[in-house]
Amino acid sequence: MSFQPVLPLAGYAGWRFLQRTQEMQTKTFAESRPVANQTDYFRDNIAKVRSAEDLVGDRRLLEVALVAFGLGDDLDNKAFVQKILSDGTLDPDALSNKLSDKRYEAFARSFGFGDLGARTALSGFSDDIIDRYEARRFEIAVGEQDDLMRRALFVPTAVDEVVEQASSDTARWFAMMGNPPLRSVFEGALGFPASIAQIDLDMQLEQFQSRAATVFGVTSFEEFAAPEMQEKLIRMFMLKTEAANSAALSSNNIALTLLRGGS
């Protein structure tokens, strides 16, 4: 039986409830049979995988691996996934280095097939991937009820990875911009429309840095690694998104009323 996250409230109040109950809910969710079946299989079999071809050839293992990095939609794109893994990350021409979405780079680096060799048999490897998988599966389950909360749940892990993996402040901002779920939170919190992605990349960088300095008083991306700053980011994201959605709904209702009145 699958455990469904309990979300009795929407918006920021709902987010605060989820924060208070998250540890208990995620534990219960991870112990539910559908999730536990997948993680038990992964733990028992991943060390046998020594190549990208091996991983892609086992759908159950591949599903856990992809979902762990937020890439579950690529489960059926086997040739693409195998190329990502086989290329690794050390060669500047590796496919993952050419993609703006840096989750692929983290995925390839974690498994190591195209870099220094498979990391699948290393101590702690399976536990790390399983922890990621359980967290992402819980986020997905939350998102089936409330997508804003799903994206909010994603923030701490995503920000920490950006800070750890990028070597400079500029690189961190670009890494955030190349992570679609995390970018959507920053766009919402800073009041940017999604169309900002259509302008020059360097101009986007300037806009994100300038607005973040004004709204949050930060001088570097690394400051978002602090839990209190992440909470401010999430709070601003949820409140501004709620306000925008309410305004859009109000406008639609007014338009509908006018149309009915004119008929």
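As shown above, the structure is provided for reference.
Here the structure is a predicted model, which means the values were calculated and not measured. (Residues numbered from 1 in each chain as written. Predicted model: local features only at pLDDT ≥ 70, side-chain atom pairs only at ≥ 80, totals over all residues. Heavy atoms only, no water.)

## Describing the pattern of salt bridges
One pass over the full model with this rule turns up 15 salt bridges. Between Asp 101 and Arg 103 there is a salt bridge, with the nearest N and O atoms lying 2.7 Å from each other. Assessed through its relative accessible area of 10%, Asp 101 is described here as buried. For the salt bridge of Glu 139 with Arg 136, the shortest nitrogen-to-oxygen distance reads 2.7 Å. Note that Glu 139 and Arg 136 are positioned in helix 8 (residues 125-143) at a spacing of 3 residues, about one turn of the helix. On the basis of relative accessible area, Glu 139 is assigned to the buried category, the value being 6%. The exposure class of Arg 136 is buried, given its relative accessible area of 6%. (Salt bridge = Lys/Arg side-chain N within 4 Å of Asp/Glu carboxyl O. Buried < 20%, exposed > 50% of the residue type's maximum accessible area, 1.4 Å probe, protein only. Helix = DSSP H or I, 4+ residues; strand = E, 2+ residues; numbered from the N terminus.)

## Considering the packing of helix 9 (residues 147-165) against helix 11 (residues 180-190)
Taken N-terminus to C-terminus, the directions of helix 9 and helix 11 make an angle of 110 degrees; their axes are 9 Å apart at the nearest point. As judged from the angle between their axes, helix 9 and helix 11 are roughly perpendicular. Here Arg 151, Phe 154, Val 155, Ala 158, Val 159 and Val 162 of helix 9 lie close against helix 11, whose contacting residues are Pro 181, Leu 182, Ser 184 and Val 185. Of the residues in the contact of helix 9 with helix 11, the class split is 8 nonpolar, 1 polar and 1 charged. (Axes fitted to C-alpha atoms, helices over the stretch in contact; angles between N-to-C directions. Parallel < 35°, antiparallel > 145°, perpendicular 65-115°, else oblique. Contact = heavy atoms within 4.5 Å. Nonpolar A, V, L, I, M, F, W, Y, C, P; charged D, E, K, R; others polar.)

## Some points on the layout of surface pockets
As a volume, the largest pocket reaches approximately 530 Å³. Secondary-structure elements contributing two or more residues to the lining of the largest pocket are helix 7 (103-111), helix 8, helix 9, helix 10 (169-177) and helix 12 (201-216). A per-element tally of the lining of the largest pocket places helix 9 first, with 6 residues. When its residues are assigned to classes, the lining of the largest pocket shows 13 nonpolar, 9 polar and 8 charged. For the second largest pocket, the calculated volume is near 340 Å³. Looking at the second largest pocket, it is lined by 16 residues, and the ones nearest its centre are Gly 70, Leu 71, Arg 103, Arg 150 and Pro 181. Taken together, the elements giving at least two residues each to the lining of the second largest pocket come down to helix 7, helix 8 and helix 9. By residue number, the principal contributor to the lining of the second largest pocket is helix 9, which donates 4 residues. Tallied by class, residues from the lining of the second largest pocket come to 6 nonpolar, 2 polar and 8 charged. (1 Å grid on protein atoms, 1.4 Å probe; cavity = no way out; pocket = protein on both sides within 12 Å on 5 of 7 lines; lining within 4 Å. Points joined across faces, edges and corners; volume = space filled by probe spheres on them.)

## Points about the environment of Leu 95
Looking at where Leu 95 falls in the secondary structure, it is placed in helix 6 (residues 95-98). Judged by relative accessible area, which is 21%, Leu 95 ranks as partly exposed. For the pair Leu 95 and Ala 52, spaced 43 residues apart in the sequence, the C-alpha separation amounts to 14 Å.

## Thoughts on the environment of Leu 55
As for its placement among the helices and strands, Leu 55 is situated in helix 3 (residues 52-56). Residue class for Leu 55 comes out buried when judged on its relative accessible area of 0%. Linking Leu 55 and Thr 89, residues 34 residues apart in sequence, is a C-alpha distance of 17 Å. Residues contacting Leu 55, with those up to four places away along its chain left out, are Ile 46, Val 49, Leu 61, Leu 62, Ala 65, Leu 85, Phe 111 and Phe 113.

## Comments concerning helix 7
Across the 9 residues that make up helix 7, a large majority, 8, are buried. Listed in full, the buried residues belonging to helix 7 are Arg 103, Tyr 104, Glu 105, Ala 106, Phe 107, Ala 108, Ser 110 and Phe 111. Of the residues flanking the end of helix 7, it is Gly 112, one or two places downstream, whose phi is positive at about 75 degrees.

## A short note on the environment of Asp 44
By the secondary structure assignment, Asp 44 is in helix 2 (residues 33-45). Taking C-alpha positions, Asp 44 is 8.9 Å from Ser 126, a pair spaced 82 residues apart along the chain.

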